[in-house]
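# Chain and residue survey
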Amino acid sequence: MDSGVATKPIEDFDAYVSSLNGFVYQSGIVMKPVFSAAKAVPIEQKRVIYAEGEDERVLHAVRVVLDEGLARPILIGRPEVIEMRIKKIGLNLVPERDFDVVNPESDPRYRELWTEYYQLMSRDGVTPELAKAKIRRDTTLIGAMLLRRGDADALVCGTFGSYDYHLKQVGDVIGLAPGAKQFAAMNLLLLTKRMLAITDTYVNENPSAEEVAEIARMAADELRRFGIEPGVALLSHSNFGSSTSASARKMRRACEILRETAPDLNVDGEMHGDAALSVEIRDKLHPESRLRGEANLLVMPNLDAANISFNLMKMANGDGVSVGPILLGAAKPVHIVTPSATVRRLVNMTALAVVDAQASRAEQAG
């Protein structure tokens, strides 16, 4: 076979294609519209940079991305290391034919990149020598700079290192989208009986009521890109005023803000998690709740609650199928995965990054 995940002959091509589709779509029907939209974008408008281009998971993901027509990959890494690992794992991938390579040790744009980064960060303690060094070794920074310059359409990073470190590079170089007041992260959990989105899983430690409301609004907008109408529950240990703690009052105030700033949003709070997911329980406790149906977007009061809840539910679900983290609020399409990211998750985030890039392009044109 000329282009495929494996280099060994494939005896049953139809079965192979079916298994590949199962691999790509096993994250559930929620990803299907995203994949369809990504495939429809012209190839010259879906150049996706992978900051960790030497990672074997990234290489496997690139093969699937190519087979599905999702993007034109750009790998940051040493060419000899990339080629050695492709050979080691037996992938049918050829540089230039299948993907482009940015060699951090030898790129013709090096001087332009470090000069621009220095000019951008010179008032934040970055000297010319530090700028030169970082542009040689920090692959997320290199990817963010290339995205900023328009040399790519989206960036996927984070297969090693801390989320906060990657976000710092993105914040410094890419910044916030117009109108956005902060970054936030949302994860989708694909459970047996429902799909749940949880926020803010990685960014804001203890957001204010105003920040909670903004996070909820951004997350709701992102869910709509999946073709999902959000039902938003602002969660708390308090249930519709049962507690007057600072945290409960914060979530209650966030709901009031959303009523004022997003009057059409299907939202209520503060409430318990079971009330959010069960109309029957909610009707018994608070029959006048304005939330229609079961919630599918759970907004947590702080980072601990969001991250712990997400990881517990992910593992309790058995196979831990999830999409994300989805970075909200960035000026350009960037998604920061985590070191536990699977090939499947990298493929999903690639498709989402392409769709985000196309949506941004459409917004700018409009």
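Residues numbered from 1 in each chain as written. Predicted model: local features only at pLDDT ≥ 70, side-chain atom pairs only at ≥ 80, totals over all residues. Heavy atoms only, no water.

This next bit is on the sheet that holds strand E7 (residues 231-235). Taking strand neighbours across the sheet as the criterion, the six strands line up as E8-E7-E9-E6-E5-E10 in an open arrangement whose pairing is mixed. Each edge of the sheet is formed by a strand with only one pairing partner; in this case those strands are strand E8 (266-271) and strand E10 (322-328). Strand-to-strand twist in this sheet, taken as the mean axis angle between neighbours without regard to direction, amounts to 20 degrees. Here strand E6 (residues 195-199) runs beside strand E9 (residues 297-299); their pairing, made up of three bridges, is parallel. What sits directly across from threonine 199, in E9, is valine 299. (Pairing = 2+ DSSP bridges. Helix = DSSP H or I, 4+ residues; strand = E, 2+ residues; numbered from the N terminus. Axes fitted to C-alpha atoms, helices over the stretch in contact; angles between N-to-C directions.)

So, on to the nonpolar core. Ranked by internal contacts, the top residues of the largest apolar core, which has 68 residues, are Met186, Leu188, Phe226, Leu234, Leu297 and Ile326. In this structure, leucine 297 is in contact with Met186, Ala197, Thr199, Ala216, Ala219, Ala220, Leu223, Gly231, Val232 and Ala233, ignoring residues within four places of it in sequence. Tyr117, Leu167, Ala295 and Met300 belong to the second-largest nonpolar core, a separate cluster that totals 48 residues. (Core = buried A, V, L, I, M, F, W, Y, C linked by side-chain atoms within 4.5 Å. Buried < 20%, exposed > 50% of the residue type's maximum accessible area, 1.4 Å probe, protein only. Contact = heavy atoms within 4.5 Å.)

The parallel open sheet is built from five strands, whose spatial order is E3-E2-E1-E4-E11. Edge positions in the sheet fall to strand E3 (100-102) and strand E11 (334-336), since each of these pairs with one other strand and no more. Along the sheet, successive strands turn relative to each other by an average axial angle of 20 degrees, direction set aside. With three bridges joining them, strand E2 (residues 72-76) and E3 adopt parallel strand pairing. In the strand pairing of E3, isoleucine 74 is matched with aspartate 100. Taken strand by strand, helix H14 (residues 343-365) contacts strand E1 (47-50), strand E4 (154-157) and E11, and its axis lies near 155 degrees from that of E4.

So, on to the side chain of threonine 140. Inspection of the secondary structure assignment puts threonine 140 in helix H7 (residues 139-149). Threonine 140 gets classed as buried once you look at its relative accessible area, which sits at 1%. The residues contacting threonine 140, other than those within four sequence positions of it, are Ala51, Glu52, Leu155, Cys157, His166 and Gln169.

Moving on to the pairing of E2. Buried residues dominate E2, accounting for five of its five residues. Of the two faces of E2, both are covered, the one formed by Arg72, Ile74 and Ile76 as well as the one formed by Pro73 and Leu75. Here four bridges tie E1 to E2, and the two strands are oriented parallel to one another. Within E2, the residue paired with tyrosine 50 across the bridge is leucine 75. Handedness of the E1-helix H3 (residues 56-68)-E2 crossover: right-handed. With respect to chirality, the unit in which E2 leads through helix H4 (residues 79-89) into the neighbouring parallel E3 is right-handed. (Right-handed = clockwise from strand over helix to strand, strands pointing away.)

Now for unusual backbone geometry. Omega for the peptide link from threonine 199 to aspartate 200 comes to 0 degrees, which places this bond in the cis form. Mapped onto the elements of the fold, aspartate 200 is located in the loop between E6 and helix H9 (209-225). Look at the link from glycine 324 to proline 325: it is a cis peptide, with omega at 5 degrees. Counting through the fold element by element, proline 325 comes out in strand E10.

Any functional reading would require information that these geometric values do not contain.
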